[in-house]
Amino acid sequence: MRCFSPLLLLAAAGCATTTAPPPVTLAGESFGPTASRDVRTLVLVLHGDGDGVVPAEFNAAAQAIADAVPGARAVALLRPGYSDSAGNVSPGSRGGIDGDAYTADRVAAVADAVTGWRARYPQARTILVGQSGGAAMAATLMGVRPGLVDGVVLAGCPCMLPEWRKYRAKQGATGFRTAVNSFDPLQTVGGIAPTTRVTLLVGADDKETPLRFSRGYAEALALRGIATDYRVLPGRGHDLLRDGDLIDAVRRMAATPPPTPQRSAMVTP
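Everything numeric here is computed off the predicted structure, so don't read it as measured data. (Residues numbered from 1 in each chain as written. Predicted model: local features only at pLDDT ≥ 70, side-chain atom pairs only at ≥ 80, totals over all residues. Heavy atoms only, no water.)

### Topic: the packing of helix H3 (residues 104-120) against helix H4 (residues 133-144)
- Two elements in contact, H3 and H4, have axes separated by 10 Å at closest approach and are oriented at 80°. It follows that H3 is roughly perpendicular to H4 by the angle criterion. Contacts between H3 and H4 involve Arg106, Val107, Val110 and Ala111 from the first element and Met137, Thr140, Leu141 and Val144 from the second.
- Its residues assigned to classes, the contact of H3 with H4 shows 6 nonpolar, 1 polar and 1 charged. (Axes fitted to C-alpha atoms, helices over the stretch in contact; angles between N-to-C directions. Helix = DSSP H or I, 4+ residues; strand = E, 2+ residues; numbered from the N terminus. Parallel < 35°, antiparallel > 145°, perpendicular 65-115°, else oblique. Contact = heavy atoms within 4.5 Å. Nonpolar A, V, L, I, M, F, W, Y, C, P; charged D, E, K, R; others polar.)

### Description of the pattern of salt bridges
- What the rule picks out here adds up to 10 salt bridges.
- Across the pair Arg168 and Glu208 runs a salt bridge, and its minimum N-O distance is 3.7 Å. You can see Arg168 sitting in helix H5 (residues 161-170) and its partner Glu208 sitting in the loop between strand S8 (197-203) and helix H6 (212-224), a full 40 residues away along the chain.
- Taking the relative accessible area as the measure of exposure, Arg168 reaches 15% and is therefore buried. (Salt bridge = Lys/Arg side-chain N within 4 Å of Asp/Glu carboxyl O. Buried < 20%, exposed > 50% of the residue type's maximum accessible area, 1.4 Å probe, protein only.)

### Some points on the packing of aromatic side chains
- Taken as a whole and judged by the stated rule, the model has 3 aromatic pairs.
- Ring geometry for Trp164 versus Phe176: centroids 5.4 Å apart, planes at 85°, classification edge-to-face. Separated by 12 residues along the polypeptide, Trp164 in helix H5 and Phe176 in the loop between H5 and S8 bring together distant segments of the chain.
- Here Phe176 falls in the buried class, since its relative accessible area comes to 5%.
- Over the face of the ring belonging to Trp117 we find Arg120, whose NZ or CZ atom lies 4.3 Å from the ring centre. (Phe/Tyr/Trp six-rings, centres within 6.5 Å; stacked < 30°, edge-to-face > 60°. Lys NZ or Arg CZ within 6 Å of the ring centre and 35° of its normal.)

### Overview of the state of the cysteines
- One pass over the full model with this rule turns up 1 disulfide.
- Note on cysteine connectivity: Cys157 is disulfide-linked to Cys159, with sulfurs 2.0 Å apart. Handedness of the Cys157-Cys159 disulfide follows from its S-S torsion of about 95°: it is right-handed. No difference in accessibility class separates Cys157 from Cys159, as the two residues are buried. (Disulfide = S-S within 2.5 Å.)

### Side note on the environment of Ala101
- Relative to the elements of secondary structure, Ala101 occurs in the loop between strand S5 (83-84) and H3.
- Between the alpha carbons of Ala101 and Val180 there is a distance of 8.6 Å; along the sequence they are 79 residues apart.
- In contact with Ala101, not counting residues within four places along its chain, are Asp49, Arg79, Arg94, Gly95, Gly96, Arg106, Met137 and Ser182.

### Observations regarding the packing of helix H2 (residues 56-68) against helix H7 (residues 244-255)
- In the contact formed by H2 and H7, the axes pass within 10 Å of each other and the chain directions differ by 45°. Relative to H7, H2 is oriented oblique. The element H2 and its partner H7 pack so that their crossing is right-handed. Contacts between H2 and H7 pair Ala64, Ile65 and Ala68 from the former with Leu246, Ile247, Val250 and Arg251 from the latter.
- When the residues that make up the contact of H2 with H7 are grouped by side-chain class, the tally is 6 nonpolar, no polar and 1 charged. (Left-handed = near helix turned anticlockwise from the far one by under 90°.)

### A look at the pairing of strand S7 (residues 151-155)
- Taking burial as the measure, the 5 residues of S7 include 5 buried ones, the bulk of the element.
- By the alternation rule, side chains of S7 split into Gly151, Val153 and Ala155 and Val152 and Leu154, which are all buried.
- Note: strand S6 (residues 125-131) against S7, 5 bridges, orientation parallel. In the strand pairing of S7, Leu128 is matched with Val152.
- Once you follow S6 into H4 and on to S7, the crossover reads as right-handed.
- Pairing of S7 with S8 involves 5 bridges; the strand directions are parallel. Each residue of the ladder has a partner; that of Leu154, found in S8, is Leu200.
- Once you follow S7 into H5 and on to S8, the crossover reads as right-handed. (Pairing = 2+ DSSP bridges. Right-handed = clockwise from strand over helix to strand, strands pointing away.)

### Side note on the layout of surface pockets
- By volume, the largest pocket amounts to about 440 Å³.
- For the largest pocket, the lining is made up of 25 residues, of which His47, Gly48, Asp49, Pro55 and Gln131 are closest to its centre.
- Sorting the residues of the lining of the largest pocket by element identifies strand S3 (53-54), H2 and H5 as the ones contributing at least two each.
- Partitioned by chemical class, the residues of the lining of the largest pocket number 10 nonpolar, 8 polar and 7 charged.
- Reported here for the second largest pocket is a volume of approximately 150 Å³.
- Surrounding the second largest pocket, Arg197, Val198, Thr199, Ala227, Thr228, Asp229, Ala249, Arg252, Met253 and Thr256 form its lining.
- For the lining of the second largest pocket, the secondary structure elements donating two or more residues are S8, strand S9 (227-233) and H7.
- Tallied by class, the residues present in the lining of the second largest pocket amount to 4 nonpolar, 3 polar and 3 charged. (1 Å grid on protein atoms, 1.4 Å probe; cavity = no way out; pocket = protein on both sides within 12 Å on 5 of 7 lines; lining within 4 Å. Points joined across faces, edges and corners; volume = space filled by probe spheres on them.)

Take a look at the structure:
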């Protein structure tokens, strides 16, 4: 029978449980305080679908959030296969612009990147912001990785994917009649952690993702008991990433105490 020193066993246990933070595999610019003690809110921003190069306005939107929200570290996170004007490039395949980019592997890549950033700022509240296709990915992520983020702000979301793709096909957009393997955010609502807060913003004049594709999703969240704030913005179109109402939504979410699970939530017109 072998005998082991208790000190050696404790040392071995310490070695076994001490792991390095997971790496951040996706690229992107970040803004705001860097020291963990100074970061109260971690905001990760996801852009919409495009041709692979994200415009400079995307980074500017993340910086505007960092400037507006006290103690916020904001990350302009590049989805798989995308690059930005600063020379950052995320690995992977981006998919197209016809709703085929919200697949399990791409959602997992974003979730892993969020996990890596959370490890850097473990005490911070984590908010995920998504515009258009980035909103569809953010909505899916909170359903398939419950509890990974504390709150989500969705802007111009195609959150009812099959219905939205039919709408776009009727508009004559190419590629939308072909079947895809993307998640439908509406079908992932049942997996969302009950304490998650969600804000949905949609422009009243949005012709890309009309408000019905956000409202139906908001109603499903309310039925699930998720704290939901659904707002239609008069006179606004599809691109809301630098909109003052979006920044205000992030600011409110960062300042609001964490919710307790509730039986119902209100969706206002």
